[in-house]
Amino acid sequence: METNVLQIKGLVKDFPGVRAVNDVCFDIKRNVVHCLVGENGAGKSTLIKILTGACERTCGSILLNGEEYCARSPKDARDKGISTLFQELNVVDQLTVEENLTLGIEDTTFGFLHKTDKIKKIIDVLKDLEPSINPKERVGRLSVAKKQIIEIAKAVASETEIIIMDEPTAALSESEIERLFTIVKRLREKGVTVIYISHRLDEIFTLGDYVTVMRDGMHVATKPIAEVKDRTELVHLMIGRTVIESYVPKEEQSDEVLLTCKDVCNHKLKNVSFNVKRGEIVGFYGLIGAGKTELARAIYGADSYSGEIVLKGEKLKGTPEKAIKAGIALVPEERRTQGLFTLLTIKHNISAMNLKKISKLGLLNSSQERATAKNYIEQLNIKTDSMDKETSKLSGGNQQKVVFSKCLFANADLLILDEPTRGIDVGAKAEIYAIVRELVANGKTIMFFSSELPEILHSCDRIFLLYEGEIKAELQNGKDIDSQDIIHIVTGGAAS
Amino acid sequence: MNKPIKALNARSATGKISNEAFLNRVMFLVLIVLFALASIFIDKYFSTATALNLIANNWYIVILGIGVTFLLVSGHLDMSVGGIVGMAGVLSAYFTQPANEGFSELGQGLGLPYGVAILLTLLVCLFIGMLNALFIAKMRVASIIVTLGTMSIARGIGQVAALGAQRSAGLPDLFGVIGNVPLFGPIKIAAAIAAILVVIALFIEKKTSFGRRTYLIGANREAARLSGVKVELHIGLLYMLSALLAGITGILLASEMKAGISTRGAGFEFNALVVTLLGGASIDGGVGSVLGMVIGALILGVVSSAAYGLLLRPEWQFILKAVVTFLAIIAQRYLLDRRNK
């Protein structure tokens, strides 16, 4: 048997006007966790799409176990031994765990379902991976983490050789991530090769055996993790320049209170009270489910609440449209479903939040709209060949910059950022942090909601820790910061 | 750095037209091809008369299509327009018919001046539109369910008011004027009204914030809400607009026949939807255009008249229409997918 389960040779994929994958060559060894990293637009996604049969290669060859491999569809890829755990999970919420696992492979006699050994085997695999999942439970009631495990079990039972995991931890909490890691390690023991894609570089050091770095569609390096010195080296390979800066305290602090929340409660929040001063970057850190998004949406008027939220001395009255008028803009948690109009062009997205400014008496001024779009494309360095391109065709980081542009054009004093760097690459993340700083320098105020501690520590002046819908602690960055304490508090420990 | 910025100034850097413009061109080509085919196979089909008839016989679908297009772009269906056409026709007749006791029940109306009758009729249409708005925009019931319901209500009002038949007795001459003012050849003023409405709709669709918001809502309702669009109000307005256009259509058609016929407009809601889809609108919202809809209406018109010219028995016309519609829409999707690959 070959030591390399997968060999990629001279792979090229051309899209109109762009070469997304450019002469990529590397091998993946059998029975390892092989990480794939690179900025958005580096060609990872396209490479994965070719492997899973979602798109066709232009030229080059892929050898699976030494034999030429070409998948026509994700199902074809699965039949040939390559399964994928997509970010959008492929489970049917209305069915039970068992029904999901057996979907498509049911055995029937005269149209009646009956259990076969095959099905029992899948259930056994699932029990083996995660005993706490009840096969009779409805999938819609399970967490994302458990849904993932169901998909993994399905792949393992079909005797897959390779499982591709595309950002599997993006929507998981810390404890769920650890459980997933245990499962990944188990898969390796079982002889499965895992191709692991993540923007969280720490994960790659904990989990990976090998790492392949891609940049601008090209293969940069493939090496054993043990030979990578540290995070900085990896980041350097990915973007070819060093970007990580540490927090610099601001010189002057304004005392003017911009926003006050008093006893804000709703289905998730419990008596949340705090204030935000003009020109501050205030961080809200907590795990998934701590109530960050709920708080952001309540302030913006997107969800109902009781209690009082006052901006510049005036009470806010609960609709997004009024919040925008009062000077607040939200960069929502879910870019594609809440922030972006993916069917529409970049310029139409950028103007969406402030049509008044580019119109007179309801008539749009298209040259003003183009000028606005051009301005933000340059200012935020959105990479595109045209402002008339649909935003669905942009990479995640550039999409997020379009959402930022939209909010900036709304001309808000207070920007609420809910997980602004989720699912975007290191380079774009650094750009987003730089944008945030520049905004504050220009007199804006930022509320930064995130479940990634490093970025909170990197950017924020003041930090609130959330747990189960309550504010558990307030910290001044640069002074009383101890990561261990913070983790202790946001996982439910008492504040010291 | 200089180059891409320069490129941004050009209309489109890649020289590519938008998907919408692409589809409109494709469908226009389909229209030309179908017209050419009909001209080859049917004697004397290629003539000014045919072209004029095409306009004269399809204006009403175009007016209805305007409202349906805007709604479809916003991600909503309107199946009530056919019912409203029937209702508006009957009511405009009922309001205008003389109030004297002497006539039979079907000849007795309210005796209102025609202008007042038109206003009243449009008000009732707006009321149906408001019902749609209330249930769909405010209470978020699926639009197909609500508008099928209001289609029945409107049709029912027409049926009751016309006793299941038609109201024509005793109508003043004025009633038959507006639908019958000749312009040239077979084209009457109603077609000109349709043309004016199309121009206004094109303008609203592309040049106003109202039109833009319609696309924003259809492309992503939640993102539109979070971007400050008053989504419920906007959808409500679109339904009122669509009902109003259907009311105008019904009044014009009744005037043309000088009768309020309670079964008028049956199936129009389907034709209006079909021409909108032929024009490249997506049933999921966010995509579509009035211009495309007009081309779609002409395609359907060519197919209908060709079927007639080919001496197909009338019962075969439906199937021919269906086949052409299916082929056109499948071709459309195929070309669009290939283009965006």
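Now for a quick tour of the structure.

Parameters at a glance
Residues numbered from 1 in each chain as written. Chains lettered and ligands numbered in written order. Predicted model: local features only at pLDDT ≥ 70, side-chain atom pairs only at ≥ 80, totals over all residues. Heavy atoms only, no water. Helix = DSSP H or I, 4+ residues; strand = E, 2+ residues; numbered from the N terminus. Rg over C-alpha atoms; globule rule 2.2 N^0.38 Å. Buried < 20%, exposed > 50% of the residue type's maximum accessible area, 1.4 Å probe, protein only. Contact = heavy atoms within 4.5 Å. Lys, Arg positive; Asp, Glu negative; His and termini not counted. Charge placed at Lys NZ, Arg CZ, Asp CG, Glu CD. Areas by Shrake-Rupley, 256 points an atom, 1.4 Å probe, with all protein chains shown as cover. 1 Å grid on protein atoms, 1.4 Å probe; cavity = no way out; pocket = protein on both sides within 12 Å on 5 of 7 lines; lining within 4 Å. Points joined across faces, edges and corners; volume = space filled by probe spheres on them. Nonpolar A, V, L, I, M, F, W, Y, C, P; charged D, E, K, R; others polar. Domains from an automatic or database assignment. Core = buried A, V, L, I, M, F, W, Y, C linked by side-chain atoms within 4.5 Å.

### Here's the deal with the overall build of chain A
In step 1: Helix and strand content of chain A: 17 helices and 24 strands.
In step 2: In terms of overall dimensions, chain A is globule-like: its C-alpha atoms have a radius of gyration of 24 Å, near the 23 Å expected for 496 residues.
In step 3: In terms of overall dimensions, chain A has C-alpha extents of about 70 × 50 × 50 Å along its principal axes.
In step 4: Counting only residues that meet the buried cut, chain A has 55% of its 496 residues in that class.
In step 5: Taking the intrachain contacts of chain A between residues at least 6 apart in sequence as the baseline, contacts between residues at least 24 apart amount to 66%.
In step 6: Charge-centre separation for chain A: the mean point of 67 positive side chains lies 4 Å from the mean point of 71 negative side chains.

### Observations concerning the overall build of chain B
In step 1: When helices and strands are counted, chain B shows 14 helices and four strands.
In step 2: What you see for chain B is a C-alpha radius of gyration of 21 Å, in line with the 20 Å of a compact globule of 341 residues.
In step 3: In terms of overall dimensions, chain B has a C-alpha envelope of 85 × 55 × 30 Å along the principal axes.
In step 4: The buried share among the 341 residues of chain B stands at 50%.
In step 5: In chain B, 76% of the contacts between residues at least 6 apart in sequence involve partners at least 24 apart.
In step 6: As displayed, chain B offers around 15500 Å² of accessible surface, 71% of which is attributable to carbon and sulfur atoms.
In step 7: Put simply, chain B has 26 plus and 14 minus side-chain charges, and the middle of one group is 13 Å from the middle of the other.

### Here's the deal with empty space enclosed by the protein
Residue and element names in this part refer to chain A.
In step 1: If you walk through the whole model with that rule in mind, you get four cavities of 30 Å³ or more.
In step 2: Looking at the largest cavity, its volume works out to about 90 Å³.
In step 3: As for the largest cavity, its lining consists of Glu167, Thr169, Ala170, Ser198, His199, Arg200, Glu419, Arg422, Gly423, Lys429, Ser451 and Glu452.
In step 4: Within the lining of the largest cavity, the residues separate by chemical class into one nonpolar, five polar and six charged.
In step 5: Residue-level mapping places the lining of the largest cavity at the junction of two domains, with at least three residues from each of domain 1 (4-239) and domain 2 (258-490).
In step 6: In this structure, the second largest cavity spans a volume of roughly 50 Å³.
In step 7: Looking at the second largest cavity, the residues that line it are Leu172, Ser173, Glu174, Ile177, Arg200, Leu287, Ile288 and Ser451.
In step 8: For the lining of the second largest cavity, the residue count by class is four nonpolar, two polar and two charged.

### Observations regarding the nonpolar core
In step 1: Judged by nonpolar contacts, the single largest core of 158 residues is most densely connected at A:Leu259, A:Phe274, A:Ile299, A:Tyr300 and A:Met447.
In step 2: The dominant element in this core, judged by the number of residues it contributes, is helix H4 (residues 59-73) of chain B, at twelve residues.
In step 3: Dropping the residues within four chain positions of it, A:Tyr300 is found in contact with A:Thr319, A:Pro320, A:Ala323, A:Ile324, A:Ile328, A:Ala329, A:Leu330, A:Met353, A:Ile416 and B:Leu226.
In step 4: Core analysis: the next-biggest nonpolar cluster, separate from the first, contains 49 residues, A:Ala157, A:Val192, A:Tyr196 and A:Ile204 among them.

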